Amino acid sequence: MTEDTPDSLIPYDEIVQEALRAVVGRVLGEIVAGGSELPGTHHFYITFKTEATGVSIPPHLRERFPDEMTIVLQNKFWDLEVTDEGFSVGLSFNQIPAKLSIPFAAITAFVDPAVDFGLQFQATVADMAPEEHEDAENDLIESGGEDPAEGADDGSNVVTVDFGRKK
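Report on the accompanying structure. Source: prediction; values computed, not measured.

## A look at the side chain of His43
Move 1: Considering the arrangement of structural elements, one finds His43 in the loop between helix H1 (12–33) and strand E1 (44–49).
Move 2: Separated by 2.9 Å, the side chain of His43 and the backbone oxygen of Thr41 make a polar contact.
Move 3: The contacts of His43, once residues within four sequence positions are left out, are Leu38, Leu73, Gln74, Val111, Asp112, Pro113 and Ala114.

What follows is the structure in structure tokens.
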């Protein structure tokens, strides 16, 4: 590309983001089709914008995570349901059960540390810069779970898509 390359009239960045979010939907859909049992040592860290349109989480979680939240699907989850637009799942936070509904458009990261796979997405909530936040700690510790950020700096098997627009 050169300075003479015109801005694209085709929204490639949006198309790619949508396609990559469909990977999350397909993976979760296959888990549901398999009886909601995660195969082998697979488990998922899913980060999403809590204020994004369509996100439904209990008020106490929204207060604790006003911008972004990371959940873990590993041992203790139930009622996983997947639609074309997003997913819902039951999780426990400090022994308190909660039902969360998350549109795929709200997801900013999806990681499966068991196989060193991750996807990062551009936030779709306008003008919301990511803030530092603590992990949701949805009753994961007993299984010896890992930190999703470990290994993130080496870039192995992590796909980050960020199309810069020429100004």
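Now, onward.
## Quick notes on the nonpolar core
Move 1: Ile46, Phe48, Met69, Ile71, Phe87 and Leu100 are the most contacted members of the largest nonpolar core, which has 31 residues in total.
Move 2: Among the secondary structure elements, those contributing two or more residues to this core are H1, E1, strand E2 (68–73), strand E3 (77–82), strand E4 (86–93), strand E5 (96–103) and strand E6 (107–112).
Move 3: In this structure, Leu100 is in contact with Phe48, Ser56, Ile57, Met69, Ile71, Phe87, Ser88, Val89, Leu91 and Phe93, ignoring residues within four places of it in sequence.

## Thoughts on unusual backbone geometry
Most peptide bonds are trans, and most residues other than glycine sit at a negative phi.
Move 1: A positive phi is found at Asp79, a non-glycine position, where the angle reads about 55°.
Move 2: Relative to the helices and strands, Asp79 resides in strand E3.
Move 3: Positioned with a positive phi, Asn94 is a non-glycine residue whose angle comes to about 55°.
Move 4: When you line up the elements, Asn94 lands in the loop between E4 and E5.
Move 5: A residue is classified by how much of its surface remains accessible, and Asn94, at 53% relative accessible area, is exposed.

## Here's the deal with the sheet that holds E3
Move 1: The strand order across the open sheet formed by three strands is E3-E4-E5, and the pairing between neighbours is antiparallel. Two strands bound the open sheet, and with one partner strand each, they are E3 and E5. Here the strands of the sheet are splayed against their neighbours by 15° on average, with no regard to which way each runs.
Move 2: When E4 meets E5, the two strands line up antiparallel, connected through eight bridges. Each bridged residue has a counterpart across the sheet, and for Ser92 the counterpart in E5 is Pro97.
Move 3: Strand contacts of H1: E3 and E4, with the helix running at about 120° to E3, the strand carrying the most contacts.

## Some remarks on the pairing of E1
Move 1: Of all six residues making up E1, six are buried, and the element is well covered by its neighbours.
Move 2: In E1, alternate side chains face the same way, and those of Phe44, Ile46 and Phe48 on one face and Tyr45, Thr47 and Lys49 on the other are all buried.
Move 3: Both E1 and E2 contribute to a ladder of six bridges, which runs antiparallel. By the bridge assignment for E2, Phe48 is matched with Met69.
Move 4: Both E1 and E6 contribute to a ladder of four bridges, which runs antiparallel. Bridge pairing links Thr47 to Ala109 in E6.

Basis of the calculations
Each residue is numbered by its place in its chain's sequence as written, counting from 1. Reporting of local features is limited, given that this is a predicted model, to residues whose pLDDT is at least 70; pairs of side-chain atoms are given and counted only at 80 or more, and all residues count toward the totals for whole chains, interfaces and linings. Only heavy atoms go into the side-chain values, all of them from the structure, while hydrogens and water stay out. The way it works is that DSSP assigns letters per residue, a run of H or I at least four long becomes a helix, a run of E at least two long becomes a strand, and they are numbered from the N terminus. Each polar contact in these results corresponds to two N or O atoms within 3.5 Å; when the atoms are within protein, one needs to be able to donate a hydrogen and the other to accept it, and residues that are neighboring in sequence are counted only if both atoms are side-chain atoms. Working rule for contacts: check all heavy atoms of both residues, and any pair within 4.5 Å makes them a contact. Residues enter a nonpolar core if they are buried and are Ala, Val, Leu, Ile, Met, Phe, Trp, Tyr or Cys, with the set joined through side-chain atoms within 4.5 Å. Accessible area is worked out with a 1.4 Å probe on protein chains only. A residue is then buried under 20% of its type maximum, exposed over 50%, and partly exposed in between. Here a strand pair is declared whenever DSSP counts at least two bridges between the two strands. Think of each axis as a best-fit line through the C-alpha atoms, taken over the contacting stretch in the case of a helix, with angles from 0 to 180 degrees between the N-to-C directions.

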